[in-house]
Each structure stands twice: as C-alpha cells, then as structure tokens.
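Residue-level listing of the chains:
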Amino acid sequence: MAALARMRLSRVALVPVVVLAVCVLPFAAAAPWAAVVLLLPLLAAAWVLRVGVDVDEGGITAHSLLRPRRVAWDDLAGIRIDRDARLRLVTTAGGEVPLPVLRARDLPRLAALSGGRIDAP
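Residues numbered from 1 in each chain as written. Predicted model: local features only at pLDDT ≥ 70, side-chain atom pairs only at ≥ 80, totals over all residues. Heavy atoms only, no water.

1. Examining the overall build of the protein chain
Now for step 1: Helix and strand content of the protein chain: three helices and seven strands.
Now for step 2: Each helix (α) and strand (β) of the protein chain, taken in turn from the N terminus, gives the series β-α-α-β-β-β-β-β-β-α.
Now for step 3: Relative to a compact globule of 121 residues, whose C-alpha radius of gyration would be 14 Å, the protein chain shows 18 Å and is clearly more extended.
Now for step 4: With respect to the three principal axes, the spread of C-alpha positions in the protein chain is 55 × 30 × 30 Å.
Now for step 5: By residue count, 34% of the 121 residues in the protein chain fall in the buried class.
Now for step 6: Long-range pairs, those at least 24 residues apart, make up 43% of the contacts in the protein chain between residues at least 6 apart in sequence.
Now for step 7: Of the roughly 7400 Å² of accessible surface on the protein chain, a fraction of 64% belongs to carbon and sulfur atoms. (Helix = DSSP H or I, 4+ residues; strand = E, 2+ residues; numbered from the N terminus. Rg over C-alpha atoms; globule rule 2.2 N^0.38 Å. Buried < 20%, exposed > 50% of the residue type's maximum accessible area, 1.4 Å probe, protein only. Contact = heavy atoms within 4.5 Å. Areas by Shrake-Rupley, 256 points an atom, 1.4 Å probe, with all protein chains shown as cover.)

Structural data, given as structure tokens:
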C-alpha cells in the first residue's frame, strides 16, 4: 500500500464556481449589502479544494469543509452504501463517517488502497 493516497474532486469542478462568481458579480455590485453573495463562490471553491478522502497505513481520513474525521483500521467495522450510492464508514462503536467524494463505483479503488483491509465487491 502506498504511504498516502488522496482522493479528491477534480480541479475541473472549479469551472462552475468561476461561472457562479461571474454571475453573482452584477447582483453584488447593485448594493453594498448584496456583496454578501460573493461568499457563495468562495464557499463553493473552498469545498471543492478541501473535501476528500486520504488513505494511509493508519486508517482513513474523511475531510469535510470544516474538519477531518479519522477512522483507524482497527476501528473500522465495515462500509455502508446509501441509496444514492454514497459510501459511509461504519465504526466498531456503531457510528458512521461519510466519505464525501466517494461513491459505490469507487469501492474497488478504495479496497485496493486499503491493502486488503477492505474486501472488493
């Protein structure tokens, strides 16, 4: 297994963020209080750049916009697939940690990166 594998959104996802920024500029320029809408493209860009999943020898770290959540391999009970094909880590304590950018189609890659700790479907 590699030392660290990062799974993130493609940087191409920033293109719609730039389009959003251009679209809100006229509204933001209309009044001083309307400049608050410029926070929307900034938050969207931060989300695209921040969220993702890191897999290493110690476990899996799910990065959300606000904070990362780490699950060690010993604390991992399994993986649950939601109805919309999103993946969630199930911990031995019974909690769940969402994997923000991964879907069911990414499960074989996640299993390969886990070094055999996760069974491939």
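2. A short note on a nonpolar patch on the surface
Now for step 1: Together, Val36, Leu39, Leu42, Leu43, Trp47, Leu65 and Leu66 give the surface a local cluster of nonpolar side chains, amounting to about 750 Å² of exposed area.
Now for step 2: For leucine 42, a relative accessible area of 58% translates into the label exposed. (Patch = residues over 30% accessible without salt bridge, like charges linked within 9 Å, V, L, I, M, F, W, Y side chains within 5 Å. Salt bridge = Lys/Arg side-chain N within 4 Å of Asp/Glu carboxyl O.)

3. Things to note about the sheet that holds strand 1 (residues 4–8)
Now for step 1: Taken together, four strands build an open sheet; the order of strands is 1-2-3-4 and the sheet is antiparallel. A strand with exactly one partner marks an edge of an open sheet, and here the two such strands are strand 1 and strand 4 (68–72). The mean angle between the axes of side-by-side strands here comes to 15 degrees, regardless of whether they run parallel or antiparallel.
Now for step 2: Bridge analysis of strand 3 (residues 59–63) against strand 4 gives five bridges, and the strand direction is antiparallel. From the neighbouring strand, glycine 59 faces strand 4, where its bridge partner is alanine 72. (Pairing = 2+ DSSP bridges. Axes fitted to C-alpha atoms, helices over the stretch in contact; angles between N-to-C directions.)

4. Comments concerning unusual backbone geometry
Now for step 1: In the Ramachandran plot, alanine 85 falls in the positive-phi region, its phi being about 70 degrees despite a non-glycine side chain.
Now for step 2: Classification of alanine 85 as partly exposed rests on a relative accessible area of 28%.

5. Considering helix 1 (residues 14–30)
Now for step 1: The end-to-end C-alpha distance of helix 1, which contains 17 residues, comes to 25 Å, matching closely the 24 Å that a straight helix rising 1.5 Å per residue would cover.
Now for step 2: Along its length, helix 1 shows its largest kink, about 35 degrees, at valine 24, and proline proline 26 lies within four residues downstream of that point.
Now for step 3: Along helix 1, the residues classified as buried are Val17, Val24 and Ala28.
Now for step 4: Looking at the buried side of helix 1, the elements it contacts are helix 2 (39–50). (Expected span 1.5 Å × (residues − 1). Bend = angle between axes of the 7 residues up to and from the residue.)

6. Focus: the packing of aromatic side chains
Now for step 1: In total, this model carries one aromatic pair according to the counting rule given.
Now for step 2: Aromatic side chains phenylalanine 27 and tryptophan 33 sit 6.2 Å apart centroid to centroid with 85 degrees between the ring planes, which places their arrangement in the edge-to-face category. (Phe/Tyr/Trp six-rings, centres within 6.5 Å; stacked < 30°, edge-to-face > 60°.)

7. Re the sheet that holds strand 6 (residues 86–91)
Now for step 1: As summarised here, the arrangement of the three strands in space is 5-6-7, forming an open sheet in which the pairing is antiparallel. Lying at the two open borders of the sheet, with one neighbouring strand each, are strand 5 (76–81) and strand 7 (96–103). When strand polarity is set aside, the average angle formed by the axes of neighbouring strands in this sheet is 25 degrees.
Now for step 2: Examined bridge by bridge, strand 6 and strand 7 share five bridges and lie antiparallel to one another. Following the sheet pairing, arginine 88 is matched in strand 7 by proline 98.

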